[in-house]
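Structural description and commentary
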Amino acid sequence: MTIIVERIQRHQKVGDKTSPQLYYLKRKAKNSRLYDTKRISQEIEELGGMSAEDVEHVVTALVRNLKRKLTDGDSVKLDGLGVFYTTFHSKGTTKSEDCTVKNIDKVNIRFLTDSGLRLVNDSSATTKGAPNNIAFELYNPKTAGSSGGSSGGDDGEEENPLG
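Here's what I pulled together on the structure shown here. By convention here, each chain's residues receive numbers from 1 onward along its written sequence. Restriction of local features to residues with pLDDT of at least 70 applies here, the model being predicted, together with a cutoff of 80 or more for giving and counting side-chain atom pairs; totals for whole chains, interfaces and linings are based on all residues. Remark: hydrogens and water are excluded; side-chain values derive from all non-hydrogen atoms of the structure.

Let's shift gears to the pairing of strand β1 (residues 2-11). Categorising residues by exposure relies on relative accessible area from a 1.4 Å probe, with only protein chains included: less than 20% of the type maximum marks a residue as buried, more than 50% marks it as exposed, and the intermediate range marks it as partly exposed. Working definition: helices are DSSP H or I runs of at least four residues, strands are E runs of at least two. Numbering for both runs from the N terminus. β1 sits mainly inside the fold: eight of its 10 residues count as buried. In terms of strand pairing, β1 meets strand β7 (residues 133-138) through four bridges, oriented parallel. Bridging across to β7, Val5 finds its partner in Leu138. Here the rule is simple: two strands pair whenever DSSP picks up at least two bridges between them. Sheet topology places β1 next to strand β2 (residues 21-27); seven bridges connect them, and they run antiparallel. Within β2, the residue paired with His11 across the bridge is Gln21.

Listed below in structure tokens is the structure:
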């Protein structure tokens, strides 16, 4: 499957109206699906070995355990996927005694991909068609009605899609 991208034009420094406008690529809106646990469980059931209900139960238990480990301050490595860990941001203070845990204003869950999962742009990869390569296609509104993308190789200028 190909990921459809489109050109957009914006200021190089977002919010700075004096910075030059450049073209960037972004993913075409509403051009991907969202898979939930139930749908993935059904697809795994089709591969055989476990029922969809068993898969769903295992995934739910994994998520529950992952949350527990992260709230305990631990990291969790899922082999072949990556490492989940927590970070936080705190406000700085001038006095040591003012620096307390109440200064933590954001807590984040971060994800570091496993080296076996790192994805590569197929058009610039040294090994074409490798399992971790992603194919991208530039959106072409002239052919969007039939295939949702272009036939590739469209490097010509287009009008500004933002008006």
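Let's shift gears to the sheet that holds strand β5 (residues 104-113). As summarised here, the arrangement of the three strands in space is β3-β4-β5, forming an open sheet in which the pairing is antiparallel. This sheet does not close on itself; its edge strands, each paired only once, are β3 (76-78) and β5. Each neighbouring strand pair of the sheet contributes to a mean axis angle of 25°, computed without reference to strand direction. Examined bridge by bridge, strand β4 (residues 82-90) and β5 share nine bridges and lie antiparallel to one another. Paired with Phe84 across the two strands is Phe111, which belongs to β5. The strands touched by helix α2 (residues 52-71) are β3, β4 and β5; relative to β4, the strand with the most contacts, the crossing angle is about 40°. Inter-axis angles, ranging from 0 to 180 degrees, are taken between N-to-C directions of lines fitted to C-alpha atoms, where helices are fitted over the stretch in contact. Two residues qualify as a contact provided that any one of their heavy atoms is within 4.5 Å of a heavy atom in the partner residue.

Between the rings of Phe, Tyr and Trp (Trp by its six-membered ring), a pair exists once the centres lie within 6.5 Å; its type follows the angle of the planes, with under 30 degrees stacked, over 60 edge-to-face, and the other angles tilted. Throughout the structure, instances matching the rule amount to one aromatic pair. With a centroid separation of 4.8 Å and 45° between ring planes, the pair formed by Phe84 and Phe111 is classed as tilted. Highlighted residues: Phe84 in strand β4 and Phe111 in strand β5, separated in sequence by 27 residues. Classification of Phe84 as buried rests on a relative accessible area of 18%. Residue Phe111 is classed as partly exposed on the basis of its relative accessible area of 36%. A ring is considered to have a charge above it if a Lys NZ or an Arg CZ atom is located within 6 Å of its centre and within 35 degrees of its normal. A cation over a ring is seen here: Arg10 above Tyr24, with NZ or CZ 4.0 Å from the ring centre. Lys28 extends its terminal NZ or CZ atom over the ring of Tyr139, reaching a point 4.4 Å from the ring centre.

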